[in-house]
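Here is how the chains run, residue by residue.
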Amino acid sequence: MAAVFGRTGYVCPHKETKVSCLISCFYRVRDRLRREGIRRFAVRRFVKSVSQPYVSFSFDDFPSTAVENGAPLLEKYGARGTFFVSMGLLDTESPVGRIATIDQLRSLVRDGHEIGCHTYDHQDARFADRAVFVRSLVENRSAFRTAFPSLDLRVFAYPLDGPNLSIKLITGQRFLCCRGGEQTFNGRVMDLNLLNAFFLDWRSRDDPSLVEWVIDQSVAANGWLIFACHDVAEEPSQYGCMPNVFESVVRYVTKVGARIRPIGEVCRELGVGEEQRRKTIQEF
Ligand SMILES: [Zn+2]
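What you see is a predicted model; the values in this text were computed from it and never measured.

Calculation notes
Residues numbered from 1 in each chain as written. Predicted model: local features only at pLDDT ≥ 70, side-chain atom pairs only at ≥ 80, totals over all residues. Helix = DSSP H or I, 4+ residues; strand = E, 2+ residues; numbered from the N terminus. Buried ≥ 20, exposed ≤ 12 C-beta atoms within 10 Å, placed from the backbone. Contact = placed C-beta atoms within 7 Å. Core = buried A, V, L, I, M, F, W, Y, C linked by C-beta atoms within 7 Å. Pairing = 2+ DSSP bridges. Right-handed = clockwise from strand over helix to strand, strands pointing away.

(A) Region of interest: the overall build of the protein. Secondary structure assignment for the protein yields 8 helices and 12 strands. Buried positions account for 42% of the 284 residues belonging to the protein. A sequence separation of at least 24 residues applies to 71% of the contacts in the protein between residues at least 6 apart.

Rendered as structure tokens:
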């Protein structure tokens, strides 16, 4: 019989209790408690007072296919996205395909897309040493500013499996907002240090009704739904999706009347000011 583990709400999926089941459930419950703890501390609470549902589309690491296929699909619907760059990964091979080149990064900027920070070398926000992580943030900004002296990286996405508390604290103070995951939208009350996102990947790309459901829920709650993706390709990695899936999501969002904006622009329209960013990225 399925068991519920205390107040974590974790439901054991196993039909009979075995040692292996207990061990696997122990790790899942521990992970859930860890995530819950991080959600409760170092919070930068923001109450959305604008009664307009928003949707953002973001790409992490962004391989070439996100630039070649994802960006034009957004532009086709008059929208722009947020591309989280790790400058040290440009033009290298990765599990999501070859990462975009500096010229592709330039084309995104030229076409009006937003560029956000994802650390210089894709530091794991959960396990990274604080000093190493900070160096990676500074290095990413420096490399970006060398290429684009008039621009800055004002929004952030945690690489890999979300932040630990120390990383959440240092990044939260230095960016307009920081994005995580959790496969849900942001409601009226949100944490700017750890915004929710919904990944278009192996978990959702074959289930259009699930994606439409989360869009409908977000719109009904006047929420802010941030999609996240990696590659957009006919044969995507497990972290990406196909172009037709991506387009159907953009089309549905347009149909239900949510406003599509890059993440930093949503912040501005919601009144998240620069003053909420207590330190600049240089002040570590
Ligand atoms: Zn990443």
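From this point on, the discussion continues.
(B) Layout of the nonpolar core. One finds Phe62, Cys177, Leu195, Leu225, Ile226, Phe227 and Cys229 to be the most contacted residues of the largest nonpolar core, which totals 67 residues. Among the elements that line this core, the one with the most residues is strand β11 (residues 224–229), at 6 residues.

(C) Here's a closer look at the environment of Ala125. Positionally, Ala125 belongs in the loop between β6 (114–117) and α4 (130–147). Judged by the 24 C-beta atoms lying within 10 Å of it, Ala125 is buried. C-alpha separation for the pair Ala125 and Asn164, spaced 39 residues apart in sequence, amounts to 6.5 Å. Ignoring sequence-local partners within four residues, the contact set of Ala125 consists of Tyr158, Pro159, Leu160, Gly162, Pro163 and Ile167.

(D) Region of interest: the pairing of strand β4 (residues 54–60). Burial runs high along β4: 7 of the 7 residues are buried. Both β4 and β11 contribute to a ladder of 6 bridges, which runs parallel. Along β11, the bridge assignment pairs Ser58 with Ala228. As paired elements, β4 and strand β12 (residues 259–260) share 2 bridges and run parallel to each other. Pairing of Tyr54 across the sheet is with Arg259, part of β12. Pairing geometry for β4 and strand β5 (residues 82–85), over 3 bridges, is parallel. Paired with Asp60 across the strands is Phe84, a residue of β5. Handedness of the crossover joining β4 and β5 through helix α2 (residues 64–76): right-handed.

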